Structure formats: structure tokens, C-alpha cells
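Here is what each chain is made of, one letter per residue.
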Amino acid sequence: MPSPRRRVSQSAEGWARAPADQSDGLSNVHDRTRDAVAPSQKSASRTSAGVSFAARLAFENVSHAVGDTQILNDINLAAEPGEILCLLGPSGSGKTTLLRIAAGIERQTAGRLVLNGREIAGETAFVPPEKRGIGLMFQDFALFPHMTIAENVRFGLTAMAGDAARKEAMAALERVGLSGSAGLYPHTLSGGEQQRVALARAMSPRPSVLLMDEPFSGLDSRLKDVVRTDTLQILRESRATAIIVTHDAEEAMRMGDRIALLRDGRLVQLGTAAELYSRPASLFAAGFFSELNVIDGEVRGGRVVTALGPVADTALPDGTAMTVALRLTGLRLQERDDGVFGRIVARRFLGSVDLMTVAIEGLDYPLRSRMRAGIVEQGRRDVVVSVDPQDVIVFEKSADDR
Ligand SMILES: Nc1ncnc2c1ncn2[C@@H]1O[C@H](COP(=O)(O)OP(=O)(O)OP(=O)(O)O)[C@@H](O)[C@H]1O
């Protein structure tokens, strides 16, 4: 008999509890609110998602080490009820480990996990995965190839009697618009449809918290947009708290109510997309959300002065060394105006924008500029360079790369 693609997912499906199982007091209260979604929110091809009882999941001083390797360092973070929280960070930053700890597959070496005020992992308690009321959805969807779509979804409803589970599975498939595919096998479905089946399976037990590890990474970029939008709608309708792991800043901005940015097992910054974009805590955070030019600066008379002239105001004392990040969209190349002399050394047409590389007087390396296509006439080499203050982020040099 074929086995599921990822061993760990087998238990993951089994964790999700049926609504009827309320033995540990953490169950999802769903039926009373099930029809609370307005009809206008229902799409033509699917019914609304069943409503979960949204929970608050908090990581308190969570650290994790394997042998001598420190993987997570003192993480303090909470997903609020009904919130979609994105864990964002580069490869190896600890996102998946944090998710595994939340699910109960991994037990942290220090700190505690608190679900709705109750410790579920810590010094005094360890609630096993299947008792947490937490659902998990993996990157590769982990569908069982030898089971039909309906059987795959039903697998998550182990605590329900046969008939009830069958009905619930069909209802879950209807919510994702796939009830017509119930008897098919996963390999006959497109990537987007498989993702929806995985979502139906994870959501069918009405978890109070849904954990999703890179749920869109297997989809091509066009499909991604549609599936993300559908997923977002289903999550909103269900009102479950969701934690989504991604390494894609744009995806985090699209999906997350808030974003937790991780680096080397530490929480670098937590906030809304707008906060992280406009007020990044470090050069690392800034670089995660925008393509940047980075140049040196120095404080003179309350301004940060660079080879491109003064670029920002500051209260720091004269002589402070600064790191200046300039978004590519904020480096303006013009025929004449105030600014510094520059020469375009490379130019690439990218459809709606031109990406230009420009050598600048007084700087020993070129900078890049992204401008609406055609603004700088073809063949022009000499330009005057200026900076849009909205696209400038300054950091004190000593603290620029936390
Ligand atoms: N069991 C383990 N033993 C040793 N090192 C581990 C173990 N699990 C994870 N790590 C290491 O911990 C770090 C964080 O891993 P994790 O998978 O959580 O990162 P991630 O941010 O999810 O990365 P990715 O985006 O590549 O999946 C990595 O350097 C990884 O190699």
C-alpha cells in the first residue's frame, strides 16, 4: 500500500479533532456560529467555511536547541484570536521549527506555549498534538495518493462516526468548491485543487488554530494568486486563527494581518505590513521588503548627508556614521534638475519599468534605479540623480544590521 509522502503528516491529519470531542476544554465551538457568515460572502461555487472558535496562541520566551545547535532564541509572540499571522524569514531562520513546536511535534527546550490562557507545552504541561485543537497543513499538501479526495478529507475526522464524518468531509469539500471531485484521486487534480483539498482536510475538524507551512510554494505564480485569495477568504470566513510560514515578503504582506520577521532563530520585528515596510527595525528588515541601494552617510547639522546630498533629517549628533538604504524606486534619474551627476551604464526593459544601473560621481560603485518605462529617453546616458525622501531609510551605522 502506498504511504503518504511525508511521514510526519500522517499524524498531523490525525491530530485534528472532531467538533464533538470537547474533552480537554479546548474544543472548537462552531455550530452556533456556523451560519453567521453573510450570504453575500458565499461564492457561487462553494459554501462558506464552517466557523471555528478562534484561539489565542502565545509563545512565551520560547527557545529551542538540538544538541549544541541553538535553533530558536527567546521568542515572544502571540497570534491573536482570528488573526492571520505570517512567520517570515530566510531559509534556516527557524520558522518551521516554531510551527512544529506549536503543533506539538517538537518540544521546545525552554519557555512555554499558551493556548487561550492554558499552558499546552512548558514545565508543567505537554498537551499532545491530537489534543491541541490545532490543525496543520504542509507545503506539499501531503495527500494520500491511494485515497479519494473525500477519503483524504475524512481522514482528519477520526473522532467522528462514519456517517457524520462523511457528511462533514463533503461539507468541507463544498466549502472549497470541490464537492464534484470527491470520488477522484489526488493525482488527477491540478496543484491548486490539491491545495484546496489539503485546506479542506486541515479545516474540516474546525481547528481553533491552523498552522500552514509554505502552503503556496508548490504552485506556479499565476495559480498562486488565485489560491491565496481563496485561502484568505476561507480563513476569514472560518475565523480560525492562522499562522502561515513563508519566506516571501510579498506573500506575507498579502496574507498577514501581522508579520513576524525571524532571523537566525530570533524575532527581529513584529508588526503590520505597513509598519515593517515603512519603519523597518534594521537594514535586514528593510532589505526583506524592498530592493535597496545601500550607501554611507554622516550626520551634519541635523541632516544625513551622502554622496547624493542630504537625504533625511535626524536628531543624532554631528559626526554620527549612518547607513542609508534607498529603495530602487526612490532613485530618480532626470535630464535636468537639482541633483548629482550620474551616467547610465546599463539598462533593462522590464515591461512597466526600466531597471537602470547608474554610476554616480563621488561613489565608487553604481546604484540601481527602477523607473516607469520610458521616463528616461532611450539612448540617454547622462542624467541628474536625486532621491525621493519617501524611499529613504536611515540607520545609525553601529545598529544597522541587527
Ligand atoms: N533536528 C534538528 N537538528 C539540527 N538542526 C536542526 C534541526 N531542525 C532544524 N535544524 C536547524 O535549525 C535551523 C532552523 O530550521 P527551520 O527548518 O526551522 O528553518 P526555516 O526558517 O523553516 O527554514 P526553511 O525556510 O529552509 O524551511 C536550520 O539551520 C536547521 O538546519
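Residues numbered from 1 in each chain as written. Predicted model: local features only at pLDDT ≥ 70, side-chain atom pairs only at ≥ 80, totals over all residues.

With an unreviewed UniProt entry as reference, the protein is termed ABC transporter ATP-binding region, source organism Aurantimonas manganoxydans. Of the comments in the UniProt record for the protein, the one headed Sequence similarities (unreviewed entry) reads "Belongs to the ABC transporter superfamily." (UniProt positions renumbered as here; feature names shortened; annotations may be inferred.)

Caption draft 1: A look at the overall build of the protein. Each helix and strand in the protein was counted, giving nine helices and 20 strands. Buried residues in the protein amount to 42% of all 402 residues. Within the protein, counting contacts between residues at least 6 apart in sequence, those at least 24 apart form 66% of the total. (Helix = DSSP H or I, 4+ residues; strand = E, 2+ residues; numbered from the N terminus. Buried ≥ 20, exposed ≤ 12 C-beta atoms within 10 Å, placed from the backbone. Contact = placed C-beta atoms within 7 Å.)

Caption draft 2: Inspection of helix 4 (residues 162-175) at higher detail. Here helix 4 is 14 residues long and its end C-alpha atoms lie 20 Å apart, about the 20 Å a rise of 1.5 Å per residue gives. Turning to helix 4, its buried residues are Ala165, Glu168, Ala169, Ala172, Leu173 and Arg175. One side of helix 4 carries all its buried residues, which in axial view fall inside an arc of 155°. Buried-residue contacts for helix 4 involve helix 3 (149-154), helix 5 (191-203) and helix 6 (221-238). Phi turns positive, to about 75°, at Gly177, one or two residues after helix 4. (Expected span 1.5 Å × (residues − 1). Arc of directions from axis to C-beta.)

Caption draft 3: Representation of the nonpolar core. Formed by 98 residues in total, the largest nonpolar core has its most connected members in Ala102, Leu211 and Ile243. Among the elements that take part in this core, helix 5 stands out by supplying six residues, more than any other. Residues contacting Leu211, with those up to four places away along its chain left out, are Leu99, Ala102, Ala103, Ile134, Gly135, Leu136 and Ile243. (Core = buried A, V, L, I, M, F, W, Y, C linked by C-beta atoms within 7 Å.)

Caption draft 4: The arrangement of the site of the ligand in detail. Taken together, Val66, Thr69, Ile71, Gly89, Ser91, Gly92, Ser93, Gly94, Lys95, Thr96, Thr97 and His247 form the complete shell of residues around the ligand. Breaking the shell around the ligand down by element, the ones donating at least two residues are strand 2 (69-79) and helix 2 (95-103). Considering each element in turn, the shell around the ligand owes the most residues, three residues, to helix 2. By residue class, the composition of the shell around the ligand is two nonpolar, nine polar and one charged. (Near = placed C-beta within 6 Å. Nonpolar A, V, L, I, M, F, W, Y, C, P; charged D, E, K, R; others polar.)

Caption draft 5: Quick peek at the environment of Val387. For Val387, the position within the fold is in strand 19 (residues 382-387). On the neighbour-count criterion, Val387 (24 C-beta atoms within 10 Å) is buried. Through-space distance from the C-alpha of Val387 to that of Ser93 is 33 Å; in sequence the pair is 294 residues apart. Leaving out residues up to four positions away in the same chain, Val387 has contacts with Leu308, Val311, Leu326, Gly330, Leu331 and Val392.

Caption draft 6: Examining the sheet that holds strand 3 (residues 84-88) more closely. The six strands lie next to each other as 6-7-8-3-9-10, forming an open sheet whose pairing is mixed. Here the strands that pair on one side only, and so sit at the sheet edges, are strand 6 (134-137) and strand 10 (266-271). Looking at each pair of strands side by side, their axes are set apart by 20° on average, direction ignored. Pairing analysis gives four bridges linking strand 6 to strand 7 (residues 209-213), with the strands arranged parallel. If you follow Gly135 over to strand 7, its bridge partner there is Leu210. (Pairing = 2+ DSSP bridges. Axes fitted to C-alpha atoms, helices over the stretch in contact; angles between N-to-C directions.)

Caption draft 7: The arrangement of the environment of Asp354 in detail. Relative to the elements of secondary structure, Asp354 occurs in strand 17 (residues 353-360). The class of Asp354 is buried, set by 20 C-beta atoms lying within 10 Å. Remark: the alpha-carbon pair of Asp354 and Ile375, spanning 21 residues in sequence, is separated by 8.6 Å. In this structure, Asp354 is in contact with Arg347, Phe349, Met371, Ala373 and Val376, ignoring residues within four places of it in sequence.

Caption draft 8: A look at the packing of helix 5 against helix 6. Where helix 5 contacts helix 6, the two axes come as close as 10 Å, and the packing angle between them is 15°. As the angle between them shows, helix 5 and helix 6 are arranged roughly parallel. At the point where helix 5 passes helix 6, the crossing takes the right-handed sense. Across from Gly191, Gly192, Gln195, Arg196, Leu199 and Met203 in helix 5, the residues of helix 6 making contact are Leu223, Val226, Val227, Asp230, Thr231, Ile234 and Ser238. Here the residues of the contact of helix 5 with helix 6 are counted per class, giving six nonpolar, five polar and two charged. (Parallel < 35°, antiparallel > 145°, perpendicular 65-115°, else oblique. Left-handed = near helix turned anticlockwise from the far one by under 90°.)

Caption draft 9: Highlighting the sheet that holds strand 16 (residues 340-349). Strand order across the open sheet formed by five strands is 15-19-16-17-18, with antiparallel pairing between neighbours. In this open sheet, the two strands that pair with only one neighbour each are strand 15 (331-334) and strand 18 (367-372). Ignoring which end each strand starts from, the neighbouring axes of this sheet average 45° apart. The pairing of strand 16 with strand 17 spans seven bridges and is antiparallel. Bridged to Ile344 within strand 17 is Val358.

Caption draft 10: How the structure looks around helix 6. With 18 residues, helix 6 extends 26 Å from end C-alpha to end C-alpha; this agrees with the ideal 26 Å at 1.5 Å per step. All of the buried residues in helix 6 are Val227, Thr231, Ile234, Leu235, Glu237 and Ser238. Down the axis of helix 6, the smallest arc covering the buried residues is 160°, so these residues share one side. For helix 6, the exposed residues lying more than 90 degrees away from the buried face are Ser221, Arg222, Asp225, Val226 and Thr229. Elements that come into contact with the buried residues of helix 6 comprise strand 3, helix 4, helix 5 and strand 8 (241-246). At the exit of helix 6 stands Arg239, carrying a positive phi of roughly 60°.

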